[in-house]
Structures are given as C-alpha cells and as structure tokens.
Amino acid sequence: MAWTEIRAGDPATPEQINTLGYQTDQAVTASQEALSTANTALTTVNELDKGLIITIAPYNSTQKNNAKIVLNGSNDAQAINDCVESLTDGGLLHFLDGDIIMTGNDTIILRDKISIKGSGNSTRFRLSGNAIGFSQVSGDGTLRNISLMNFQILGDYDTVPTTQTVGVKLTCQESIFSGLKVLACKDGMNLDGGYPDAQSIMNYISMCSFLSNARYGVRLGTDSNVSQCLIGDNGNPETMSNVEYDACGILISGWGNNISNNHIYKNQYQIRAEWTVGNIITSNMFESGYREDILFAGRAHSNNVNGNSFGGKDRNAVGDYSVYNCITFDGSPSGEGSMRNTIVGNSLVYYAPELTEKTPYNYFVEECINCDYNVVANNVLNGYYKKEMAVLFVGKNSKATNATQIIVAPYNSVQKDSAQTILNGDYFDAERINNAIAQLINGGKILLLDGTINLHQAIRPKSNIIIEGSGDGTVFKVKADIDAIENTEIVFNGILRDFLIDGNKAEVSYSNGGNALHLFMSHSTVERVKTQNIKKSALLLNWDSNVADTMGYLNKILHCEFEDSEDEAVKWGWRTTDSWFCYNNVGSTKANLRIEGGSCRFIGNHLDGSPEYNIYMGGGCEVVSFSQNVIENAQKHAVFLEKPGYATSYKSVSFNDNLIRGCSRSSSGMYDLINMSGYDASHKNELVQITNNRMINSNVEKPRFCVNADYTGNMIISGNVFSGYNESVPINITENCSNCVDANNIESQ
C-alpha cells in the first residue's frame, strides 16, 4: 500500500486526512485479527440466548436481518440504554453498519463491564446539539472494564460551531479504547470526566484517530497509555474561531501516563499537561503545531520527554507562531515551579523543502520562575530555534548539555577508520569502554561499531549515557566469571540498545557471575538487546541492594530477545515500580519472568522456551497488568502467584487479552494455566481481573484448571475462552475465596 505523507509545515488536505484515516483503519484491522477470533467465538447461539451479546442494526443498516435490535433513527440513545440496562452483569453491544443518530441531550450511559463494538468506519455515531456519545451516571464512581472498539463518533462542530457535543465522557479504570475515530466534536474523548468520587486510572487507548475536535482530542487521568494514535487539527486556531485557551491534542490531567508512538500534528497545543508528575512522552512525531508542542502548566515534576521528533510550526499558517517554544514550563496561574524533569534524546527534524521565518521554535525549552533541577541533554537540535541559545533556564541547578558521542570499534570491526577508540581484543577492552563512558561527564553516547568485544571485566553504565551497538553485529562475548553489564551506582536516564550479549557458558566456569544485564536503574531504557548462552539470568532489574536500597521508577524494557537462560530469564525486583516490559521475546529453563515489583505493565511479550513457569510472582505484588502477551509451554503452571511466605497478598493484578496455552508439560493434569493464592483469610488477594483471554491447550499434556484460586477476594473472571483442560470445569475457586465473579466465559473441555 502507498502511504500518504504529510510533510512538516504543509497543510493537510481533506483528501489526505481521509486517506490517513483509511490507512489507520487498515492497521487497526490487521492488529485486531487475534482479538477477532475470540470475538467471533463469543457470538454463539447459546451466548446470544443468554443476552450477553446484543447485535444492533442502525436504521439504515444493510444487515438488519442479522440484528436482534433495529434502531429507528429518532430515539436511538434510549433504545441503546435499554440494552445496556438489560446486561446486568456486563456484556457486548455489537453494532452493524449504519448511522446511530443522537441529538439534543442524548447520551449512551455505560456501566461496569460493558463493551461496545462497531463494524469499523461503517458504524457511525452521529452527534448534534448537546449530545454526548458515551457517558455515565454521576455518582456511579469509577467505571471498570469498559471497552469501546471499531467505530466512528462524528460531531457537527465543523458546520455548527456552537455545538457542545462530546465523543466520550467517562471516569473509568482498566478500560480499553481501540480502533475509534472521533471527529468534529467540542471535546473528543474525556477520560477525566469530572464525576464525583471517581478517578480515572490505567486505561489503554491505541490505534485511534482524534481529528478536528474544537477543544481537545483526548483528556487523560492517571497511569494510562496512549499509543499508535493519529491526533490532529484539534483546537486549530487557523481554521476554528474562539478557540479556548486549553485547546490541544492531548490534555494530561493526571500522573504516570505513557504517551508513545503517536503522530501529533496541527493542534493549538500538541500536548498540554496540567499539574502533572511522572509522565513519559516518548517516540512521538510532532509536526506543524501552532503554540507549544508540549506545555507543562502549573507544577510539573519528574516528567520524562525522550526520543521524540519535533517538526516545527505550520509554515503556511497565517499567524506567526514562532514566538512559542517547543517545550515550555509555565507555572501560571499559581506561580508554581517545575523540578526534576528530563528532556533527553529528542530531535528537531524538518521535512519541508525550505524553512521560513515562521517555521522554527522560539526556544527549544524555556523554564518559568521557581523551576530547578531540570535536565536537558543529548538532544539533536540542528539550530531550528530563533534565539541565540536553545534553552532558557531559570533554576541555578538546572543544566543542559549537547549530545556528545564517542565511537568505539572492536578489534575485528570493518569500520575502524570511523572510530575514535579502537579496542585490542584483550583483557583491557572493558576498561577502555568504561574510560570512554567516564569522559562523558555531562552525558552522551558510546557508539559501538560492528565486531566482537571480549569482556574480562563488566561494562559499567552511568546516568545520562547511551550505550548503543550496531545491532547483532556488535557482540559482547564474556570471557571471565562476571556479569557482562553491571552498574555500581544507580543509573538515571540511561539507555542500552542494539547489541548482543553472548554469555559463553560453554567456555566460562561461572560462580559469582553469569548474568547478562545486572542493573539498578530509574527513568531508563533497555531496547533491542539480545542475549544467548546465559548461565544465569538475562536481566536483573533492581533486584538486590548491592547498588542502592531505594526505588527505581519509569524504566522501559522494549523489543529485546532474552534467550537461553538457565536461571529465571528476567528477575524484576520489588524496587522496580511504574515501569514497562513490552514486546520482548523470552526463553529460559526456569521462569521466563520472576516478578516482585509493581506498579508495572507487561504488554505484547512472547514467553516460551519450555520454562518451569512462564510467569512466577512471589512476595505479594501490587498493581501489575499483563495484556496482549503470548504465554505458552510451561513445564508447570503458566502463571504462578505463589502463596507468600509471610503475611501479605497480591493486589490489583490483571490479565487482559492474553493468549495462555500449553502448561503442565512435565506432568499432565497437575498444573494450571493460572494458579494463585493469598497468605490466609486475613491476607487475601484483592482486585484480581482475568478478562478477555484465550486460555487453551492443544498439547497431549493438559492443564488441570485454567484458573485455580485460593485465598482470593474481589476477583472477576469474564469474557475468556477456555478449552483443553483436564478437570470437568475450567475454574476452581476454593471455599477460602470471597466476592469472586465468574461470568461471560466460553468453555470447551
């Protein structure tokens, strides 16, 4: 498929926006293939008879014969609300193609565990007047486990600029929004809906489009994710009149959010963050903005902006927006300052054929009064700012450094001529690399060219340093009883990426060493690292107190291949919190993942290699989420939340949209796909969610149960597909459990 390109500074035509929306929908369709298998299974006659799924046809649908409810186009919201009310314990409303008409004060009122699924772009909720697409009853508190997927919400703000339409207005937790397109509303999606006694937390927004909304595209609460979305033309001062002061693409109203891998363009503010702490804004493409790309309004502490591309202002705008910065810390209206924020590893990149005086930013970063201890480092700026200096600091302890790079060539590299340091292949190679790291006193990059680096000593990462290889061609080969990469001081804002570690266990006699990565880190990233021939573990993250007995926050382990570990492949220590383990492939002899930390997210990983356990949790973890993982072929339990050895339990652990299969390989019928236990009746597991998973088996060896729980309270098991288990039922909830809900599952022994 030929992809439409919108260059920085160029206005997007309606045809380009429509084409981009179509291409986004194609990507959504492809990424939903695995989920659609489970959804298809859900539409069995038995489930329809139970009322767990209601198929609804709009008044102009071409598929009315396939629907249980046919709308009339005049009182659609009331008919839909009647359907929601009938799903007393949650369920799915599946809308066929056509237009759902909502006018006046119409709204669809959601409750816990309600899923709304459309048929892609052909399902259109059309709003006018004061209509709100999806909302909730004020006083219901925080809604849980909402799912909105695969449809359009179309307001009429483009033709009636006095309209007050809102696409989505909810305060919810652990909910999923995927494949939506929200256009031309006053507000696009508000997930900090302002309802009393409610908090929005741990929501997931992916592969959506938020376009041409008058105030904002998306408003977030806390600990939520926005990824792979198209967010543009919201609050556009060039095309809309009376744009409100806070109009923006993304409005962040809470803490600990992750904004990653989005295309954000032509919004008044691309991102506006109000009184925020601990947000991560990474790997996004910003372009053709008007005011700030990122505005931190009010107090902003410990936010991390890294790895983004900033593409400047709209060069064809009528107004001159070059008086605005790329990133601004603005303490108004209270005069609050911002502290300990990091802006690292970003690039100012322009694709326009020529620059104009309107294109650059004013400053790259500007602090307000009362700011201090902020770090701006290792950014590629290319002079695309108007002021003589890129950064205007107020705080005496804030600091900025340009990117500094030292190129290192292994002894057998074919690119030695481009290196500043050439290794000899001897005992001192690790020392030479560590000396190069020490030279980067203000941060920078060690770029390792292709070749083999023999390690007789450990590589020692430090804060604000990138250690980057050249992919599989850069090989650390261990030659002594050491851990290959091990820091001796806590690392902040470090990055390790693009190399292979060979533990060489056949040649090295290990006693004290044997781990590939032994790290204590905070606000740091490990990505595209491969391991092989590892005697112990591929990764120890904040596992012990050798370096520090404190917490490590906001770490990301991404796109790694941790293979062939004899011990647990990954040991995730309790000192690791608010962190991500995403899109990795893990194989080991013992557990793939041993987890003792939280709050953390494990998303999109493949856990395999015939391990003892795929996931082993001990000691009582809290706020841990597993979603979209493939978990398979364990010798014992696939997921094992072991009974703690002291008076504690597991809290707020969720398993959503995973494929879990093929455990109990060592002894058929003895082990479970998920096995969990609290400590005792006074220390039960709490707030456990097991929803929308496929828990199946096609091996000769069968799991005993799909889910086996003891000493657990307030657990929901819903929307799962169970098959291939050994016992007569897939779920065993012992008499020691309480307040556990088992509903809406499909079972096939």
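Each remark here, short or long, concerns the structure printed above.
I will try to describe carefully the structure that is included in this document.

Cut-offs and rules
- Residues numbered from 1 in each chain as written.
- Predicted model: local features only at pLDDT ≥ 70, side-chain atom pairs only at ≥ 80, totals over all residues.
- Heavy atoms only, no water.
- Helix = DSSP H or I, 4+ residues; strand = E, 2+ residues; numbered from the N terminus.
- Polar contact = N/O pair within 3.5 Å; in protein donor to acceptor, adjacent residues only side chain to side chain.
- Contact = heavy atoms within 4.5 Å.
- Disulfide = S-S within 2.5 Å.
- Buried < 20%, exposed > 50% of the residue type's maximum accessible area, 1.4 Å probe, protein only.
- 1 Å grid on protein atoms, 1.4 Å probe; cavity = no way out; pocket = protein on both sides within 12 Å on 5 of 7 lines; lining within 4 Å.
- Points joined across faces, edges and corners; volume = space filled by probe spheres on them.
- Nonpolar A, V, L, I, M, F, W, Y, C, P; charged D, E, K, R; others polar.
- Pairing = 2+ DSSP bridges.

1. Side note on the side chain of E292
Logical step 1: In this structure, E292 sits in the loop between strand 25 (285-287) and strand 26 (294-301).
Logical step 2: Within the structure, the side chain of E292 is placed 2.8 Å from the side chain of T328, a separation counted as a polar contact.
Logical step 3: With residues up to four places along the chain from it excluded, the contact list for E292 reads Q268, Y269, Q270, K313, Y324, N325, C326 and T328.

2. Thoughts on unusual backbone geometry
Logical step 1: One non-glycine residue, H559, lies in the positive phi region at around 55 degrees.
Logical step 2: Note on placement: H559 falls in the loop between strand 51 (556-558) and strand 52 (561-565).
Logical step 3: If you check the backbone angles, N633 has positive phi at about 65 degrees while not being a glycine.
Logical step 4: With respect to the helices, strands and loops of the structure, N633 is situated in the loop between strand 62 (630-632) and strand 63 (639-641).

3. Here's the deal with the state of the cysteines
Logical step 1: Applying the stated criterion across every chain yields a total of zero disulfides.
Logical step 2: Looking at the unpaired C208, the closest cysteine sulfur is the one in C229, lying at 4.8 Å.
Logical step 3: Residue classification places C208 among the buried residues on the basis of a relative accessible area of 0%.
Logical step 4: In this structure C371 is a free cysteine whose sulfur lies 3.5 Å from that of C368, the closest cysteine sulfur available.
Logical step 5: Classification of C371 as buried rests on a relative accessible area of 4%.

4. Section: the layout of surface pockets
Think of a ball as big as a water molecule: rolled over the atoms, this probe shows where empty space is left.
Logical step 1: Its volume calculated, the second largest pocket comes out at about 470 Å³.
Logical step 2: Lining the second largest pocket are 23 residues, and of these S302, R340, N341, F492 and H523 lie nearest its centre.
Logical step 3: Each residue belonging to the lining of the second largest pocket can be placed in one class, and the counts come to seven nonpolar, twelve polar and four charged.

5. Some details on the pairing of strand 41 (residues 465-468)
Logical step 1: Burial along strand 41 is two-sided: I465 and I467 facing one way and I466 and E468 facing the other are all buried.
Logical step 2: Two strands pair when backbone bridges link them, and strand 39 (residues 444-448) and strand 41 are joined in this way by four bridges, in the parallel orientation. Note that in strand 41 the partner of L447 across the bridge is E468.
Logical step 3: Sheet analysis places strand 41 next to strand 45 (residues 495-502), joined by three bridges and oriented parallel. Considered in strand 45, the bridge of I466 is made with I495.

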